[in-house]
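Listed below, chain by chain, are the residues.
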Amino acid sequence: MWVMLALCSAFFLGIYDVFKKRSLNGNAVLPVLFLSVFISSVIFVPVLLLSRFNPAAAEAAEIYVPEVDAQTHFFIFLKAILVLSSWACGFFALKHLPVTIFAPIRATQPVWTIMGALLIFGEQLSAMQVLGIAITLISFFRFSTAGHSENIYWKNNVWLWLIIAATLLGACSGLYDKHMLRIFDRMAVQVYSTMYQAAFMFVVLMLVWWPTHKKTTPFQWRWTIVGISVFLTIADYVYYRALSQPDSLISVVSTIRRSGAVISFLYGAFFLHEKNLRTKGIYLLGVLIGVSLLVIK
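(A) Main features of the packing of helix α10 (residues 224-243) against helix α11 (residues 250-258). Where α10 meets α11, the closest approach of the two axes is 10 Å, and the angle between their N-to-C directions is 155 degrees. It follows from the interaxial angle that α10 and α11 lie roughly antiparallel. Pair α10 / α11 crosses with right-handed handedness. Across the interface between the two elements, Ala235, Asp236, Tyr239 and Leu243 of α10 pack against Ile250, Val253 and Arg257 of α11. Tallied by class, residues from the contact of α10 with α11 come to five nonpolar, no polar and two charged.

(B) Broad picture of the packing of helix α4 (residues 70-96) against helix α8 (residues 158-181). Between α4 and α8, the shortest axis-to-axis distance is 8 Å and the interhelical angle comes to 155 degrees. Classified by the angle between their axes, α4 and α8 sit roughly antiparallel to one another. In this structure, α4 meets α8 at a crossing whose hand is left-handed. Split into classes, the residues belonging to the contact of α4 with α8 amount to 17 nonpolar, six polar and two charged.

(C) View of α11. The buried count for α11 comes to nine of nine residues, which makes it a mostly enclosed element. Buried residues of α11: Ile250, Ser251, Val252, Val253, Ser254, Thr255, Ile256, Arg257 and Arg258, and no others.

(D) Representation of empty space enclosed by the protein in the model. The tally for this structure, following the rule as stated, stands at four cavities of 30 Å³ or more. If you trace the largest cavity, you find 33 residues lining it, with Val83, Trp87, Leu232, Asp236 and Arg257 closest to the centre. Elements supplying a minimum of two residues to the lining of the largest cavity: α1 (2-24), α2 (29-53), α4, α5 (99-106), α8, α9 (186-209), α10 and α11. A class-by-class count of the residues in the lining of the largest cavity yields 11 nonpolar, 14 polar and eight charged.

(E) The arrangement of the environment of Gly286 in detail. Within the fold, Gly286 resides in helix α13 (residues 277-296). For Gly286, a relative accessible area of 10% puts it in the buried group. Linking Gly286 and Thr136, residues 150 residues apart in sequence, is a C-alpha distance of 6.2 Å. Among all residues touching Gly286, those that are not within four sequence positions of it are Ile135 and Ser139.

(F) Highlighting unusual backbone geometry. Positive phi outside glycine occurs at Glu62, with the angle close to 60 degrees. Summarising the element assignment, Glu62 is placed in the loop between α3 (55-60) and α4. Note on Glu62: relative accessible area 36%, which makes it partly exposed.

(G) The arrangement of the side chain of Arg257 in detail. Among the secondary structure elements, Arg257 is positioned in helix α11. Among the polar contacts listed, one links the side chain of Arg257 to the side chain of Ser9, at a separation of 2.6 Å. The residues touching Arg257, leaving out its near neighbours within four places in the chain, are Ala6, Ser9, Ala10, Leu13, Ala235, Asp236 and Tyr239.

(H) Local environment of the pattern of salt bridges. If you walk through the whole model with that rule in mind, you get five salt bridges. The salt bridge partner of Asp177 is Lys79, with a shortest N-O separation of 2.8 Å. With Asp177 in helix α8 and Lys79 in helix α4, this pair connects stretches of sequence that are 98 residues apart. Classification of Lys79 by relative accessible area gives buried; the value is 2%. One salt bridge connects Arg257 with Asp236, and the closest N-O pair in it is separated by 2.9 Å. A residue pair is termed long-range when its members are at least 10 positions apart, and Arg257 in helix α11 and Asp236 in helix α10 qualify at 21 residues.

(I) Representation of the packing of aromatic side chains within the structure. On inspection of all chains with the given rule, the structure shows 11 aromatic pairs. Seen from their ring centres, Phe19 and Phe231 are 5.3 Å apart, and the 15 degrees between their planes marks the pair as stacked. Pair noted here: Phe19 is in helix α1 and Phe231 is in helix α10, with a separation of 212 residues, a long-range link. Look at Phe34 and Phe202: their rings are 5.9 Å apart centre to centre, the planes differ by 50 degrees, and that puts the pair in the tilted class. Residue Phe34 is found in helix α2, and its partner Phe202 is found in helix α9; the two are separated by 168 residues along the sequence. Owing to a relative accessible area of 12%, Phe34 belongs among the buried residues under this scheme. Put simply, the rings of Phe11, Phe12, Phe19 and Phe231 touch in pairs and so form one group of aromatic residues. Above the face of the Tyr239 ring, Arg257 is positioned so that its terminal group lies 4.1 Å from the ring centre.

Cut-offs and rules
Residues numbered from 1 in each chain as written. Predicted model: local features only at pLDDT ≥ 70, side-chain atom pairs only at ≥ 80, totals over all residues. Heavy atoms only, no water. Axes fitted to C-alpha atoms, helices over the stretch in contact; angles between N-to-C directions. Helix = DSSP H or I, 4+ residues; strand = E, 2+ residues; numbered from the N terminus. Parallel < 35°, antiparallel > 145°, perpendicular 65-115°, else oblique. Left-handed = near helix turned anticlockwise from the far one by under 90°. Contact = heavy atoms within 4.5 Å. Nonpolar A, V, L, I, M, F, W, Y, C, P; charged D, E, K, R; others polar. Buried < 20%, exposed > 50% of the residue type's maximum accessible area, 1.4 Å probe, protein only. 1 Å grid on protein atoms, 1.4 Å probe; cavity = no way out; pocket = protein on both sides within 12 Å on 5 of 7 lines; lining within 4 Å. Points joined across faces, edges and corners; volume = space filled by probe spheres on them. Polar contact = N/O pair within 3.5 Å; in protein donor to acceptor, adjacent residues only side chain to side chain. Salt bridge = Lys/Arg side-chain N within 4 Å of Asp/Glu carboxyl O. Phe/Tyr/Trp six-rings, centres within 6.5 Å; stacked < 30°, edge-to-face > 60°. Lys NZ or Arg CZ within 6 Å of the ring centre and 35° of its normal.

Right under this line is the structure:
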C-alpha cells in the first residue's frame, strides 16, 4: 500500500515541478514561493474547521487534524523552516537552470536520504544498494559535463550549488519527517507546517523582497502558481500517508517519490525544447537505474 502511495506522490510531484518552472520563468521568486504556500494554507482552512466542528466527518474522510501541544508545534515549526530553506534554494535554482538539468539533480535526493538513514537509523545496505548509490552518484556528477554546452559549470554557477543545497536540505527534511511521523499525527504535521511556512514567508517577503521589489525582477501573477499549491498539497498528502505506515521505509519512499523527475524532464524536452537532451537522457537513465536498484532491493 505505501509503495503505491509513494508512486502517486511521485506523479503529482512531477506535475508540481512543471508548474513551478512555468510560474518562475522570468518572474520574482519570493512572491511565487509565498503565494504558493499561502494558497496551500488556505486549502487547509476548511480541513481545520471540519476537524473542530465535525471531527467524525473529518476522521471518516481521513483528514482529521488533532490539536497538539506547544512542544509539538515547536518541532513542526522546525520542519517548516527546513522545508522552506530547501524550497527557496530550489526555486531560485529552477528559475535559472534548464529543467532537464534541475530535475535529475533533484532526483538524487533519495541517495542522500539513504546515507542519512544508514548513519542515523542504523540501516544496513546490501551490495545491490551500494551499487545503486554508486551509479546514481556517478550519473549525478556527470551532469556537470552535460551543462557545458549551455555554459553551465560547477565552479562558477551559483544556481547549481543552490540546487545541491536544496537537495541536501530536502534529504534532511525526509529523515526528519520519518522521525516526526513516529510520534506525531501526519495531518497535524502537514497542516500546521504549511501554516507556519505561509506566516514565515510573509515576513521574509516584507523584509527582503518588498523594500527592493522595484529594482529587481517584477512579479507577475500566473494561475500556474495555484497549480504549485494544489499538486504539492496532493503529493505531500499521499507522501505522509505512505510514510506513516508502520512498515514503510524512508529510503524507498524517498527514492520512488523523486522518480517524478521524469515528468518534468519530459516537459523540458518536448515543450521547452531544451538543449543536449541525448546526453542528459543518458545520465537521467543512469539515475533511474541507480534508484531502481534501491527500490528492487
